[in-house]
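This is what each chain is made of:
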Amino acid sequence: MGLLPDTHVYSYSQLSSFNECSYSFYLQRIEGLEEEASNAFAERGSLIHDLLDQWAKKKLTKEEMLTEYERRYSDEVVTAWPTFPKGYAKKAYENGVLFLESFDEFDGYEVLSAEEKFKIDLPLSDGTTRPFVGIIDMMLLDKSTKDLIICDHKSKSMTSFKKDEDKMYRQQLLYSTYVKQQYGKFPDRLMFHLFNEQGVKPERLFSHEAYDETLDWASKQINGIENYAIIDWLTCKEKPDYFCWNLCSARKECPNGVQPNFRSKKRKDEFDEFEEEN
């Protein structure tokens, strides 16, 4: 297990974090940060996730979701938004209002479960298993086709989703292992619910080939994590970026977390590129 304890439990976010930046993984999962740095994007996303969860569990109506969003926003979205472009904080807030006003309540689908937490033994390509946890935002049943669907709420833009589409579906493919155990079959479809795009729902059919490829990917990630030497862990990303400066949970403890003093236009160009993709 390398630097990890034998009792370590994996998650999809850990595997993707290691793939993105091993040093961030080291700081969060091995050193154990006393306090993870938050950001306004995540805080707003968590608020909308919670409202959708409460709606799915019939604790809130569509109208009450909007009321709760407006009531809770200033208490829960407390980290400053980026300064460029001017007025983005207002835009982000209003985008949430527009989404909730036009929320289609998943017309045509039956909600089977919401925020379904699970722990499984994830099968690896070498025949071994590892403890693995996750949370399925919603399990849906298509009322007309009777298809079983995994649905995941995301704050990404369609541009960002399309850029990383194949990677995005890895999470749901790994979660399909649990679905098979719990529901007696693999899901028929994998769906995303993009609330920053007013609830558009891109999806694809479940594929056994893609599932096997994703298990191979997870096996390689876990093998890499468990065989890293300390010198491997203590290496930052070669080129820090917007994510390092503003979004990474470990940015306060990492030298890449200090944002350079850009000229105004360059800073705006950097943010415009990020906003287009997220």
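Higher on the page you've got the structure.
About the criteria used
- Per chain, residues are indexed from 1 in the order of the written sequence.
- Two thresholds apply to this predicted model, a pLDDT of at least 70 for residue-level local features and 80 or more for giving and counting side-chain atom pairs, whereas whole-chain, interface and lining totals are computed over all residues.
- Remark: hydrogens and water are excluded; side-chain values derive from all non-hydrogen atoms of the structure.
- In this analysis, a patch consists of residues with relative accessible area above 30% that form no salt bridge, clustered at 9 Å for like charges and at 5 Å for the nonpolar side chains Val, Leu, Ile, Met, Phe, Trp and Tyr.
- Methods summary: accessible areas were calculated by the Shrake-Rupley approach with a probe of 1.4 Å, and residue burial reflects only the protein chains presented.
- Any Lys or Arg side-chain nitrogen located within 4 Å of an Asp or Glu carboxyl oxygen qualifies as a salt bridge.
- Numbering of helices and strands runs from the N terminus; a helix is a DSSP stretch of H or I covering at least four residues, while a strand is a stretch of E covering at least two.
- The cut-offs for exposure are 20% and 50% of the maximum accessible area for each residue type, with area from a 1.4 Å probe on protein chains only; residues under the lower value are buried, those over the upper are exposed, and the others partly exposed.
- Multiplying 1.5 Å by the residue count of a helix minus one yields the expected span of that helix.
- Here a polar contact is recorded for every N or O atom pair within 3.5 Å, except that within protein the pair must consist of a potential hydrogen donor and a potential acceptor, and residues adjacent in sequence are included only if both atoms are side-chain atoms.
- Remark: nonpolar core denotes a set of buried residues (Ala, Val, Leu, Ile, Met, Phe, Trp, Tyr, Cys) joined through side-chain atoms within 4.5 Å.
- Any two residues whose heavy atoms approach within 4.5 Å at even a single point are treated as in contact.

**Student:** What am I meant to see in a nonpolar patch on the surface here?
**Tutor:** Side chains of Leu3, Ile230, Ile231 and Leu234 sit close together on the surface and give an oily, nonpolar patch of about 380 Å² of accessible area. You can see Ile230 is positioned in helix α9 (residues 230–233). Classification of Ile230 by relative accessible area gives partly exposed; the value is 43%.

**Student:** Can you walk me through helix α8 (residues 208–227) in this structure?
**Tutor:** The periodicity of an α-helix, 3.6 residues per turn, causes residues three or four places apart in sequence to face the same way. Given a rise of 1.5 Å per residue, 20 residues ought to cover 28 Å, and the 29 Å separating the end C-alpha atoms of α8 matches this to within 8%. Those residues of α8 that sit buried are Tyr211, Thr214, Leu215, Trp217, Ala218, Ser219, Gln221, Ile222, Gly224, Ile225 and Glu226. N-cap assignment for α8: the residue whose side-chain oxygen lies 3.3 Å from the backbone N of Glu209 is Ser207.

**Student:** Just checking my understanding: could you explain the nonpolar core for this structure?
**Tutor:** Across soluble globular proteins, nonpolar side chains have a tendency to be buried as a group. Judged by nonpolar contacts, the single largest core of 43 residues is most densely connected at Leu15, Leu122, Phe132, Ile136, Leu174 and Ile225. Looking at this core, the elements with two or more residues in it are α1 (12–20), α2 (22–31), β2 (109–123), β3 (129–142), β4 (148–154), α7 (165–183), β5 (189–194) and α8. Ranked by residues supplied to this core, first place goes to α7 with 7 residues. If near-sequence neighbours (up to four positions away) are discounted, Leu122 is found in contact with Thr128, Thr129, Arg130, Phe132, Leu174, Thr177, Leu215 and Ala218. Counting residues in each nonpolar core, the second largest holds 29 residues, with Leu60, Trp81, Tyr88 and Leu140 among its members.

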